[in-house]
Structures are given as structure tokens and as C-alpha cells.
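Structural overview for review
One-letter residues, chain by chain:
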Amino acid sequence: AKHGRRWGPTVHGEVRCYGAGGDGHAAELAAQAAERELTEQLGLSAGGTNVGQLEHWFSCAMEDGSCKELVDVFVADIEGGGLPPLPLRPGEAVDWVFCGHVFEEHCPGAELLFHMRKEYRASMLRRCRA
């Protein structure tokens, strides 16, 4: 796993490179990757029956050891029933957290969730509070 033994966002993925195929781009666009990952990981379709359009909140550079990447954050409203059931392995459990607590400056245990730089943390807090 890229960030083993850490929690993470609802959907997390990579932009795919097409090589000679695809739609003319050398790689899929970030918005295309976000829509694809939403469908592949959660079985939901942006703009579908109960899912709003994906909205790009922000981008920021992230560094975690030798892993350096540009992260694009997209969100979508989910109406009605919420997320589909999460299949858990035997012995696994789910703890739900309030985003305002997770992104606070001094959140105990935040390093167990996922790597967050100050820019990412501040951007998420600003957007969640808007």
C-alpha cells in the first residue's frame, strides 16, 4: 500500500497514463480520474441519481518521504442514503470522525489518518467551514 497502516479519504487514486491510446491526452485529466475512482471504488457516478457533480476544491503539492505528488481534492454531495455499505474484513471496524476535528492544528493521532502538510490542512479547514 502506498501509505500502509494509515486511514485515508473516501476515494484515493492515481491519474492513469494512456500512452498511445486514450482521448488525445498523454494522461487522463484530474477530473476524469476523480470520476473514474468514484465509480470504481464506491460504485457511484458523479451527476447520477443521488450524487452531485464533482467540485474541485483545491490542489497542493504533497511530500511524504520520497513520495512527491500534486494532490487534487474533489468533493460531491451525496443525497439520501449516503455511502454504499463498506465491505469490511473480519475483525475490522469503522470509526467515523468529524472533519473539523481531523483538520485542526493539534488533532491527536492525525498522523495515523494520512500525511497532511500545513497547506493541505489549512485548505481543507477553509473549505469545510465555508
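Nothing here was measured: the structure is a model prediction, and the numbers come from that model.

1. Concerning helix 1 (residues 30-42)
With 13 residues, helix 1 should reach 18 Å at 1.5 Å per residue; the first-to-last C-alpha distance of 18 Å fits that figure. Within helix 1, burial applies to A33, A34, R36, E37, L38 and L42. Where helix 1 is buried, its residues touch strand 2 (67-75). With its phi angle positive at about 70 degrees, G43 sits one or two positions after the end of helix 1.

2. Points about the environment of G13
Relative to the helices and strands, G13 resides in the segment before helix 1. We classify G13 as partly exposed; its relative accessible area is 39%. For the pair G13 and A33, spaced 20 residues apart in the sequence, the C-alpha separation amounts to 7.5 Å. With residues up to four places along the chain from it excluded, the contact list for G13 reads E37 and Q41.

3. Overview of a nonpolar patch on the surface
On the surface, L86, L88, V94 and W96 cluster together to form a nonpolar patch covering roughly 420 Å² of accessible area. If you trace the backbone, W96 turns up in the loop between strand 2 and helix 2 (99-102). On the basis of relative accessible area, W96 is assigned to the exposed category, the value being 67%.

4. Points about the confidence of the model for the protein
Per-residue pLDDT for the protein has a mean of 77; in total, 78% of the residues score no lower than 70. Here helix 2 stands out as the element of the protein with the lowest mean pLDDT, 74, in contrast to strand 1 (residues 55-64), whose mean of 88 is the highest.

5. Some words on the packing of aromatic side chains
Taken as a whole and judged by the stated rule, the model has 1 aromatic pair. Look at F58 and Y120: their rings are 5.5 Å apart centre to centre, the planes differ by 70 degrees, and that puts the pair in the edge-to-face class. Remark: Y120 occurs in helix 3 (residues 118-129) and F58 occurs in strand 1; sequence separation between them is 62 residues. Taking the relative accessible area as the measure of exposure, Y120 reaches 8% and is therefore buried.

Parameters and conventions
Residues numbered from 1 in each chain as written. Predicted model: local features only at pLDDT ≥ 70, side-chain atom pairs only at ≥ 80, totals over all residues. Heavy atoms only, no water. Helix = DSSP H or I, 4+ residues; strand = E, 2+ residues; numbered from the N terminus. Expected span 1.5 Å × (residues − 1). Buried < 20%, exposed > 50% of the residue type's maximum accessible area, 1.4 Å probe, protein only. Contact = heavy atoms within 4.5 Å. Patch = residues over 30% accessible without salt bridge, like charges linked within 9 Å, V, L, I, M, F, W, Y side chains within 5 Å. Areas by Shrake-Rupley, 256 points an atom, 1.4 Å probe, with all protein chains shown as cover. Salt bridge = Lys/Arg side-chain N within 4 Å of Asp/Glu carboxyl O. pLDDT = per-residue confidence, 0-100. Phe/Tyr/Trp six-rings, centres within 6.5 Å; stacked < 30°, edge-to-face > 60°.

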